[in-house]
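What follows is each chain in one-letter form.
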Amino acid sequence: MPHFSLDKALQQPWPAPQGKVPILWSNSCIAQFTLALLWILEYQTRKMVDNPSAIEHQLGGMCFQIIDNWKHRGNMDVEGRERVATLLIDGGKLVAPLRSTTPGFSRRANHRSYPITAPWEPALFGIERSPHLLKEMDFGVSVHEIEMLSLEPQTGPLTFKILEASLVHQGLAGEQMEYVQMSLSGVDMLCSLRLFSEQNSPEPLSWNQLGQELFVEVTAPQALSVALDLPGSVPLNHYW
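Residues numbered from 1 in each chain as written. Predicted model: local features only at pLDDT ≥ 70, side-chain atom pairs only at ≥ 80, totals over all residues. Heavy atoms only, no water.

Engineer: Run through the overall build of the protein chain, naming residues and quoting values.
Structural biologist: Tallying secondary structure elements over the protein chain gives 4 helices and 15 strands in all. The globule rule puts the C-alpha radius of gyration for 240 residues at 18 Å, and the 19 Å found for the protein chain is close to it. Excluding contacts between residues fewer than 6 apart, the proportion of contacts in the protein chain whose partners are at least 24 apart in sequence is 71%. For the protein chain, the computed accessible surface area is about 11800 Å², with 52% contributed by carbon and sulfur atoms. (Helix = DSSP H or I, 4+ residues; strand = E, 2+ residues; numbered from the N terminus. Rg over C-alpha atoms; globule rule 2.2 N^0.38 Å. Contact = heavy atoms within 4.5 Å. Areas by Shrake-Rupley, 256 points an atom, 1.4 Å probe, with all protein chains shown as cover.)

Engineer: Describe the pairing of strand β10 (residues 157-169), naming the residues involved and giving the relevant values.
Structural biologist: Where strand β9 (residues 139-151) meets β10, 11 bridges bridge the pair, whose relative direction is antiparallel. By the bridge assignment for β10, V143 is matched with A165. Across 3 bridges, the pairing between β10 and strand β11 (residues 172-176) is antiparallel. Pairing of S166 across the sheet is with Q176, part of β11. Between the antiparallel neighbours β10 and β11 lie 2 residues, among them Q170 with a positive phi of about 50°. (Pairing = 2+ DSSP bridges.)

Engineer: Please give an account of the pairing of strand β7 (residues 123-126) that cites residues and values.
Structural biologist: It is a general feature of regular strands that their side chains alternate between the two faces of the sheet. Both faces of β7 are covered, namely the face carrying A123 and F125 and the face carrying L124 and G126. Examined bridge by bridge, strand β2 (residues 64-68) and β7 share 4 bridges and lie antiparallel to one another. The partner of Q65 across the bridge, within β7, is F125. (Buried < 20%, exposed > 50% of the residue type's maximum accessible area, 1.4 Å probe, protein only.)

Engineer: Got a sec to walk through helix α2 (residues 27-47)? Specific residues and values, please.
Structural biologist: In this model, α2 (21 residues) spans 30 Å end to end at C-alpha, consistent with the 30 Å of a helix rising 1.5 Å per residue. With 18 of 21 residues buried, α2 lies mostly within the body of the structure. (Expected span 1.5 Å × (residues − 1).)

Engineer: An account of the packing of aromatic side chains is needed here, citing residue identities and associated values.
Structural biologist: Evaluated as defined, the whole model comprises 8 aromatic pairs. Summarising the aromatic geometry, the rings of F64 and F196 are spaced 6.2 Å apart at their centres and angled 75° between planes, so their arrangement reads as edge-to-face. Pair noted here: F64 is in strand β2 and F196 is in strand β13 (residues 193-209), with a separation of 132 residues, a long-range link. Per residue, the accessibility class of F64 equals that of F196, and both read buried. On the numbers, 5.3 Å between centres and 55° between planes, the contact of F139 with W240 is tilted. With F139 in strand β9 and W240 in the segment after β15 (234-235), the pair connects residues that are 101 residues apart, well separated along the chain. Note on F139: relative accessible area 29%, which makes it partly exposed. (Phe/Tyr/Trp six-rings, centres within 6.5 Å; stacked < 30°, edge-to-face > 60°.)

Right, here's the structure in full:
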């Protein structure tokens, strides 16, 4: 562990602020949120196949694109259909819903498993980008690592714990912040993102469905939620 990281790990974390604050999410966090959104949309598409407008209505505030199979590998899915780059979400529009009839999205864990619909290599690309997201923040929180606790695709609640985060002052990451657990709609979480980094990084994740666990490589940028409720323990004026 680098000396700087070791010193930071030994620090006593500061209490988390309470209220609406800008939050900068790392690539790893955005990758996990992206996969959660795809899981919600896959479930809702399967249940509301005759009412796609009800799904698209939820996406109105999204400011990014999600493209699966974006690396153009040209492989086949388990049904023998070619995997091609597919635009799934374009801003507030559901372009190609994840369903069994969408070519290139049939997967299974092994030859004994039943084919299911799942992503392969999704990537999220922000519409509005900045080369230095941290410098866009006068105050707020920079979140480096989270742990997903639960997700209910039927209704969309997403519960996760912030494991590593820093308080931000005038574009610089400072004191280490204590653990915080958050629970909110997965769709609302993605709709809160407004500004994205120019650089994307891949993150290895897993898709667990119907007793199967599938590897998914999610490529995502850093992203900034301009104002999101943080359930901390001290008022905002404690730090800013």
